[in-house]
Amino acid sequence: MFNFLRRRCKNLLLESTEEDEVHVEAESSSCKLKKRGGSTPGRVFIDRNRKEGHEKLVRDYFSANPTYNEKIFRRRYRMSRDLFNRIHEGIVSYDNYFVQSRDAANKVGLSSLQKVTAALRMMAYGVSADMIDENLRIDESTANEAMKKFVEAVIVVFGERYLRQPNSTDIAKLLQLHEDRRFPGMLGSLDCMHWTWKNCPSAWKCHYSGHHKEATLILEAVASHIINGRAPPVNFVINNHHYDMGYYLGDGIYPQWSTIVKTILMPQSMKAKNFAKAQEGARKDVERAFGVLQARFHIIRQGCRYFKIATLKNIMKACVILHNMIVEDERDMFKSIENGKYYLFEEVDISELDRNDAAYHYDFDQFIKGRQKLKNKSIHHRLQEDLVEHLWEVRGNVE
């Protein structure tokens, strides 16, 4: 009896071992079938005729006598041809990925014009990578890769000039510009924009969802030096009160800080109504800026299809940089109707930026004092009251 049980247990162990071996062999064979490579049997290859796509693109936009004129070029590329050539040269000189080369089969690869055009079309129209395959002869994976490489190159090559903090010259011009608009000491306005994250991972949606039911990322026009308690030295007098920090206009979502001037909800007196009207009218500049940015690059107006947050940040930064470059290139088209003044500033050399001022040599004690002064609600209310009186006095003098 005992011998029978021993033989039975031994047979069961052998059968389980054989089943495990068969299972492992099946898993290893399935892994071998899933392995992907370049020229593997069964892989679908599509001859897109890249050379024909490049030649067609040159005939349409970049030849001596292109099919489409400058107006159509600007509408589809969101910029002039000269500015595109400047960006194209900077990108190609920075990253060898955009240099045309040959593959292992000695076939000519995609040209730099095809890759840069694919990235700009996806940013301008907000379409998926598969939509541009027919015209540019570029597959979906390569178009997505070109997009990521393009935005990274734009940030590195042009970010230092077109995504910088304002220097002393810019601050002086900002103060003069806003003083002419009856807001002495004003540096700008604050606002934010929501960008829907369509392919946000399900586990992260609760972290990126607020009053919007879907996951969003926020682009906020905010002065980082103000938040860190490093306000630029600005001296001005309103209603016989002296102030040594500039301020920004904000709406109701911002805190009651000494550097933020908010509107008055449900104003009752004529003075309060006059202030609310002037403050909300001056804040429209930043709202228009966000509107123009979304109209120019539809990729940040629609739901984003990428998964990584770093990619989303790079796309947003690249859109802002390209927007600033386009505005600088077309500055003659945007004159102010008030006394023929420009609302855009002159080009500043990178070597002229203030890199040795007090903002770059800030100790901890100064940071704490700056934060305490920044959160002083009494200064916030007093500045608002002084602006109410100032704007009412200016209105009386004008009338």
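Everything below is about the structure printed above this text.
For every chain, the first residue of the written sequence is number 1, and numbering continues from 1 onward in sequence order. Totals for whole chains, interfaces and linings use every residue, but because this is a predicted model, local features are given only for residues with pLDDT of at least 70 and side-chain atom pairs only at 80 or more, for both listing and counting. Note that the side-chain values use all heavy atoms of the structure and ignore hydrogens as well as water.

A pairing counts as a salt bridge when a side-chain nitrogen of Lys or Arg comes within 4 Å of a carboxyl oxygen of Asp or Glu. All chains considered together, the criterion is met by 12 salt bridges. Lysine 56 is the salt-bridge partner of aspartate 60, the closest N and O atoms lying 3.1 Å from each other. Of this pair, aspartate 60 and lysine 56 both sit in helix α2 (residues 50-62), separated by 4 residues, roughly a single helical turn. Here the term buried applies to any residue with accessible area under 20% of the maximum for its type, exposed to any over 50%, and partly exposed to those in between, with areas from a 1.4 Å probe on protein chains only. Residue classification places aspartate 60 among the buried positions, given a relative accessible area of 12%. The partly exposed category is assigned to lysine 56, whose relative accessible area is 37%. The salt bridge partner of arginine 283 is glutamate 287, with a shortest N-O separation of 3.2 Å. Salt bridges linked by common partners bring Asp191, Asp251, Arg283 and Glu287 together as one network. Runs of E in the DSSP output that reach at least two residues are strands. Runs of H or I that reach at least four are helices, and both are numbered from the N terminus.

Taken together, the side chains of Tyr94, Val156 and Val157 make up a nonpolar region of the molecular surface, amounting to roughly 250 Å² of accessible area. Among the secondary structure elements, valine 156 is positioned in helix α7 (residues 140-162). Candidates for patches are residues over 30% relative accessible area with no salt bridge; among them, like charges are joined within 9 Å and nonpolar side chains (Val, Leu, Ile, Met, Phe, Trp, Tyr) within 5 Å. Under the convention used here, a 1.4 Å probe and the Shrake-Rupley method define accessible areas, while residue burial counts only the protein chains that appear.

Okay, the sheet that holds strand β6 (residues 247-250) next. Two strands make a pair as long as DSSP finds a minimum of two bridges between them. A sheet is described by the order of its strands in space; here 3 strands give the open sequence β1-β6-β7, paired in parallel fashion. Pairing within the sheet leaves two strands with one partner each, and these edge strands are β1 (186-189) and β7 (260-262). Taking each pair of neighbouring strands and ignoring which way they run, the sheet shows an average axis angle of 30°. As defined by bridge partners, β6 adjoins β7 across 3 bridges and the pair is classed as parallel. Note that in β7 the partner of glycine 250 across the bridge is lysine 262. Axis angles are defined between N-to-C directions and span 0 to 180 degrees, where every axis is a line fitted to C-alpha atoms and, for a helix, only to the segment in contact.

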